[in-house]
Amino acid sequence: MQNPYVKYCKTAQTFALFYMQNNSIYCRTQTHDGWCTPYCIAEGVTSFSVCYYDTYVYLLYPTTDGRLILSASMDFIQWQERPLWQSTNNQRWQNTDFFIIPQKDTFHVIYAKTKDINGISTLYHIKFQKGQWQSPYQIDNFLPMAGTPFQARRLQENHIILYYRQQRNVIHTREILLQPFTLGSITPLIQTNSPCIDFSILEDNERLHLLYVVRSLFRTQIIYRYKQVHSISQPVILWEGNSCENCLLYRENGNLVAFWTANGQPMRCVCQNGHTFGVVEQYTAPFPMQCMKAELICDTTQTDFFATELFGDKQNHFLPSLFSFTPKETQLHATSTDTLFSEQPAPSIHTKQQDEINELKQLLSQRTEEISTINAYWQSKVTQLEQQLAALQSQPQEEQPS
């Protein structure tokens with residue numbers, strides 16, 4: 001599941017990393033000189049949410065003293081703060097998970113609050129308009145998921161979709177229109193007999209693509225499905241094994257790519273609109289030894305690479321792992337403090353490694369043939385020597401008188 005304390009944001013000019021540590025929000029941006037030094041945006045914070053809208057990056061966070069602050073920036077450096085809730089010593093927003101939807105004259109917030117000791121939480125919608133908060137509207141009760149209790153996506157300017165659990169093995173969806181506020185019906189999206197430990201969802205104009213991990217007592221499966229209008233496809237098992245930690249769907253160069261880690265090893269499978277599946281193969285380019293998954297906020301109009309989540313490196317300050325699987329196309333570099341985030345074509349790491357592997361295989365095949373020839377030669381020599389030795393040992397016995 002997603003890490004709620006790490007967020008990635010990609011605009012046309014900048015790639016940024018937000019993370020929370022010791023109740024403070026830090027930001028790092030990537031430039032032509034590499035990753036900048038982390039700088040603190042806010043202190044005394046209990047949670048945060050990020051979104052990108054109309055050239056601005058918005059950051060919403062509650063403070064430990066009960067305030068709710070909205071910050072906005074165009075360059076990730078200069079932030080303008082605006083308090084939306086100034087009642088101090090108020091626990092209303094403490095440790096609250098948010099999904100924020102800015103509009104030109106209204107600021108919408110979807111948030112979750114724990115309801116009882118059994119873990120049942122409640123989803124609410126509230127909006128801030130003309131300097132005032134409207135009354136919150138209760139959407140539904142749900143069971144929070146591990147990591148991020150619920151997930152949400154903005155499909156259009158006035159259209160969002162929520163993903164959450166009402167049962168332990170069923171993930172539901174609910175679509176909402178913001179103006180006028182209209183609550184759609186709840187629909188079961190993923191239903192499994194065994195626990196669903198992780199899932200990844202990618203929306204496009206035609207379909208909603210699903211990739212999820214199902215873990216039973218003796219096996220783990222990676223399953224793909226897609227939803228089109230009101231129908232959903234049959235499940236397709238892409239992989240089956242003993243252990244799988246997480247999964248990710250993204251689109252690159254027109255292809256849908258399913259990616260997951262199994263026993264610490266990254267695996268991938270390229271599909272075309274859910275109809276044609278390539279072979280499942282191990283991803284050989286550099287990849288973090290200990291990875292985590294976090295939300296990615298990016299421009300949905302870009303065609304080379306699009307995702308709503310991204311892997312990060314736990315051992316390297318959550319730096320993102322950006323990767324590409326098409327050797328001849330533009331590559332997104334793997335995690336490294338010396339790597340630049342660039343949209344320019346770059347040498348394919350995967351292609352170089354594959355060429356080296358093929359060359360080593362050819363050399364190994366040649367050496368194997370040479371060794372087999374030498375072994376056959378010396379084997380024949382040993383056979384001849386054994387025959388000569390046997391002949392010499394039999395000569396004295398033949399010459400003795402009877």
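These figures come from a predicted structure and were not determined experimentally.

### Details of the sheet that holds strand β7 (residues 56–62)
A sheet is described by the order of its strands in space; here 4 strands give the open sequence β6-β7-β8-β9, paired in antiparallel fashion. Looking at strand neighbours, the two that pair on one side only are β6 (49–53) and β9 (80–85), the edges of this open sheet. Within the sheet, the average angular offset between the axes of one strand and its neighbour, ignoring direction, is 20°. Summarising the sheet, strand β8 (residues 68–73) and β9 pair through 5 bridges and their orientation is antiparallel. The partner of leucine 70 across the bridge, within β9, is arginine 82.

### Brief notes about the packing of aromatic side chains
As enumerated under the stated definition, the model contains 22 aromatic pairs in all. Considering the side-chain rings of tyrosine 137 and phenylalanine 181, the 5.2 Å spacing of their centres and the 65° angle between planes classify their relative orientation as edge-to-face. Of the two residues, tyrosine 137 is situated in strand β14 (residues 137–142) and phenylalanine 181 in the loop between β17 (170–177) and β18 (182–191); the sequence distance between them amounts to 44 residues. Using a relative accessible area of 41% as the deciding quantity, one classes tyrosine 137 as partly exposed. On the numbers, 5.9 Å between centres and 65° between planes, the contact of phenylalanine 142 with tyrosine 164 is edge-to-face. Pair noted here: phenylalanine 142 is in strand β14 and tyrosine 164 is in strand β16 (residues 159–167), with a separation of 22 residues, a long-range link. With respect to class, phenylalanine 142 is no different from tyrosine 164; both count as buried. Seen from the ring of tyrosine 226, arginine 207 lies directly overhead, with NZ or CZ sitting 3.8 Å from the centre.

### Examining the side chain of glutamine 151
Along the polypeptide, glutamine 151 turns up in strand β15 (residues 151–156). Reaching out from glutamine 151, the side chain makes a polar contact with the side chain of glutamine 2 at a distance of 3.4 Å. Once residues lying within four places of it in the same chain are set aside, the contact partners of glutamine 151 are Met1, Gln2, Met145, Ile161, Leu162, Tyr163, Phe199 and Glu309.

### Here's the deal with the confidence of the model for the protein
Looking at the protein, the pLDDT average stands at 82 and 84% of residues meet or exceed 70. Averaged pLDDT values for the elements of the protein fall to 71 in helix α1 (residues 349–399) and rise to 95 in strand β5 (residues 39–43). Here residues 324–349 is a poorly scored stretch, pLDDT under 50, and it has 63 contacts once near neighbours within four places are set aside; other chains count.

### Considerations on the sheet that holds β15
Spatially, β15-β16-β17-β18 is the arrangement adopted by the 4 strands of the open sheet, whose pairing is antiparallel. Because the sheet does not close on itself, it has two edges, and the strands there are β15 and β18. Between one strand axis and the next, the sheet turns through 25° on average, direction left out of account. Sheet topology places β16 next to β17; 8 bridges connect them, and they run antiparallel. Within β17, the residue paired with arginine 165 across the bridge is isoleucine 171.

What counts and what doesn't
- Residues numbered from 1 in each chain as written.
- Predicted model: local features only at pLDDT ≥ 70, side-chain atom pairs only at ≥ 80, totals over all residues.
- Heavy atoms only, no water.
- Pairing = 2+ DSSP bridges.
- Helix = DSSP H or I, 4+ residues; strand = E, 2+ residues; numbered from the N terminus.
- Axes fitted to C-alpha atoms, helices over the stretch in contact; angles between N-to-C directions.
- Phe/Tyr/Trp six-rings, centres within 6.5 Å; stacked < 30°, edge-to-face > 60°.
- Buried < 20%, exposed > 50% of the residue type's maximum accessible area, 1.4 Å probe, protein only.
- Lys NZ or Arg CZ within 6 Å of the ring centre and 35° of its normal.
- Polar contact = N/O pair within 3.5 Å; in protein donor to acceptor, adjacent residues only side chain to side chain.
- Contact = heavy atoms within 4.5 Å.
- pLDDT = per-residue confidence, 0-100.

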